[in-house]
Each structure stands twice: as C-alpha cells, then as structure tokens.
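Overview (structure and organization)
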Amino acid sequence: MNWIDNVVRPKIRSFLNRREVEDNLWVKCPETGEMVFHRDLEANQWVVPNSGYHMKIKPVDRLSHFFDDGQYTKLALPSVPADPLKFRDTKRYTDRLKEYRTKTGNDDAMLVAQGDLYGARLTVAVQDFDFMGGSLGMAAGSALVTGLEAALANHTPFVMFTASGGARMQEGILSLMQMPRTTVAVQRLREAGLPYIVVLTNPTTGGVTASYAMLGDVHLAEPGAVIGFAGARVIETTIREKLPKGFQRSEYLYEHGMVDMVVHRHNLRSTIGSLIGLFTKAPANDAIPAARQSAPATAAPVSMRDAAIAAEGDGDDDFLANAPVAGHAE
C-alpha cells in the first residue's frame, strides 16, 4: 500500500493536473471578447475574422505577407551608441535594451527590407511596437535614414509602416534630433521623384506622427488605428472639453481629410501596388487582383498631372466616370 500511496497516486495526480494547453493557444478579441484560435488568427494576418479587428502583427509576419512569395532581403543597419546619456529610471537603459532584444529578437524598433511587390522593386521599413513601444531613438532614426538612402541609390519607391508611441525618452534630445534627420531624408527621396507611401497602423503617435509619418505622398491607415500626437486624455485635460466619439481613429481622420484611405490589411498589397504603378507611370499590371477584375480592357492611360488638372477643372463628372480604378477591393 505504501508504494501505491507514495508513488503511483502522486504520479497519476500530476499527470491529470498537467496543463497540456499553452496559455496563448487562444487569443481574445479586444473589441468583442471573441476567442480565436491563434493559428486561425495568424493565417488571417492577425485580423479577427468576425469583428475585423486589426491586432498588432510582428514585422517579420507583415513583411512575409507583403512581399511577393514572402521573399525579401533585410538591409544591414548602422550601429549607434547603446546608452549615450547613461540613463537610468527604475532600471538601467542598457538593461532595458537587452530585455527587449531578447524578447523580440531584433536590435531595435525598426526593420528595413527590400523585395518585390507584383514584380516592382520596393524598399520597406516597419516599426516594431513590441520593442519599447516602437519608440524613435537613434537606432530607429538611423535605420530609417539608411532605408531611404538605399531607396534613393536603387531608385525604388519607399513604403513606411508606422507603429510607435513617440520619441524615446531614455535618449532625450538625441531622440528628438531624429525628427529633422528623417524629414531631410524623406525630402531627398521626394526631390528624386520617388514615391513615399506611409501606412499608419495602431498606434502612431508622438514625434513619429510629427515627422516622417505625416510626410507621405499618400497616407493609408489600417481600420481602427489610433493616430495622433498627444493622447486623448491629455487633450481633454488641456482644452477641458469632451472629445468627439472616435477621435484620433483612422476613420475619423479620413472623414476630416488627414488620411487618404482606410485600407483593410488584406488589401494593402494590391492598393500599394496600384498606387506605385500610378506614381511611376508603369504599364497596367494584370497581376494586381482588382486591377485585373475592374479596369476596362481598353482604358487610356491617365497621368497624375492629368488627374490633378481634371480635379481642379470645371467640376465636370465625365473624368470621374473614366478615371482609372484603384487596384484594391472596395
């Protein structure tokens, strides 16, 4: 009996009480509370199927879904001083960097890669919100400048996926200096006549919004994304008024002219592919799904200059009827 009581029964209890299910096997939708199997969510690009809520997506996953066949090449990024101000709050800044580098597997909050989108060569930068809130520091600023210079050297359009809480407080003024640095780099790209497209994801705030996030030729936004400079509570406290419902959400900004389009994550590839084709005056690309399905077979090419002239004309609706169809699903 002693052997059964002391050995067999404890082993049976430990076997029955063992948790075979991982804690992150199911993910709760923040909007509806729906529980979604994580593999289904991952296959759907981290968009909750029923509610359409856009969850945060890792940079490598975003790049894999964005580029043709998921193939891309990461650019080598410059190294910067790890802790120039010897900053310390509840812990040393260097310890925080080590913690987030272990957590994310990245050196900092910005990834830059080159690859093809419907056969067109692109340079793409993605901010990682999981790395210290995607904050803008010297490393992220230098990475973006490097990416913009690579786009300039290779004569490719540049696509920026933003996700940030703003400037990195641990680097003080050195962090704020990245705002004019990146602004100058974007201006050099513009002077070369290369498209700069910004995709605003949840959240995009602070100094990032005050610099390169709002300098695009076209601003796209994912549904429900928070986009702004100061937080809503700070604004309400300052002006002592209740803010409108949905304030600082991408749909609100679209209605008020701050964002050009609100685009579902599944349609970003075709939308950006169509925009780049327009900006670069490339021939019609049948590989873009909506363009193949919707564009007239004999439609005459329309330049961006013609579109601008027509928009400023006498208000004739004939041009709108013959305008080229954007390459994304409505």
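In the block above lies the structure referred to throughout.
What comes next is a walk through the structure.

Cut-offs and rules
- Residues numbered from 1 in each chain as written.
- Predicted model: local features only at pLDDT ≥ 70, side-chain atom pairs only at ≥ 80, totals over all residues.
- Heavy atoms only, no water.
- Buried < 20%, exposed > 50% of the residue type's maximum accessible area, 1.4 Å probe, protein only.
- Helix = DSSP H or I, 4+ residues; strand = E, 2+ residues; numbered from the N terminus.
- Pairing = 2+ DSSP bridges.
- Right-handed = clockwise from strand over helix to strand, strands pointing away.
- Phe/Tyr/Trp six-rings, centres within 6.5 Å; stacked < 30°, edge-to-face > 60°.
- Lys NZ or Arg CZ within 6 Å of the ring centre and 35° of its normal.
- Contact = heavy atoms within 4.5 Å.
- Axes fitted to C-alpha atoms, helices over the stretch in contact; angles between N-to-C directions.
- Parallel < 35°, antiparallel > 145°, perpendicular 65-115°, else oblique.
- Nonpolar A, V, L, I, M, F, W, Y, C, P; charged D, E, K, R; others polar.

Things to note about the pairing of strand 5 (residues 120-127)
Taken across its eight residues, strand 5 has six buried, putting it largely inside the fold. Sheet topology note: the strand 4 (residues 110-117)/strand 5 ladder contains eight bridges and is antiparallel. Each bridged residue has a counterpart across the sheet, and for Met110 the counterpart in strand 5 is Gln127. Counting the residues between successive antiparallel strands, the hairpin from strand 4 to strand 5 contains two residues, one of them, Tyr118, with a positive phi of roughly 50°. Of the strand pairs in this sheet, strand 5 and strand 6 (residues 158-164) are connected by four bridges, and their pairing is parallel. Residue Ala125 lies in a different strand from strand 6, and its bridge partner there is Met160. Between strand 5 and its parallel partner strand 6, the chain crosses via helix 5 (residues 138-154), and the hand of that crossover is right-handed.

Considering the packing of aromatic side chains
Inspection of every chain in the model, using the stated rule, returns seven aromatic pairs. Each ring, one from Phe66 and one from Phe161, has its centre 5.4 Å from the other, and the planes form 80°; the classification is edge-to-face. Here the residue Phe66 occupies a position in helix 3 (residues 59-66), and Phe161 occupies one in strand 6, the gap between them amounting to 95 residues. On the basis of an interplanar angle of 65° and a centroid distance of 5.6 Å, the ring pair of Phe247 and Tyr252 is categorised as edge-to-face. When its relative accessible area of 26% is taken as the criterion, Phe247 is described as partly exposed. By relative accessible area, which is 18% here, Tyr252 ends up buried. Taken together, the ring pairs connect Phe66, Phe67, Tyr72 and Phe161 into an aromatic cluster. Here Arg269 stacks its cationic end above the ring of Tyr118, 4.4 Å away from the centre of that ring.

Quick word on the side chain of Gln170
Locating Gln170 in the fold gives a position in the loop between strand 6 and helix 6 (172-176). Looking at Gln170, the relative accessible area reads 8%, which means it is buried. Not counting residues up to four positions away in its chain, the partners in contact with Gln170 are Leu85, Phe87, Asp89, Tyr93, Arg96 and Met132.

So, the packing of helix 5 against helix 7 (residues 178-191)
Between helix 5 and helix 7, whose axes approach to 9 Å, the crossing angle comes to 10°. With respect to their mutual orientation, helix 5 and helix 7 come out roughly parallel. On helix 7, the residues touching Met138, Gly141, Ser142, Leu144, Val145, Leu148, Glu149, Ala151 and Leu152 of helix 5 are Gln178, Arg181, Thr182, Ala185, Val186, Arg188 and Leu189. Each residue belonging to the contact of helix 5 with helix 7 can be placed in one class, and the counts come to nine nonpolar, four polar and three charged.

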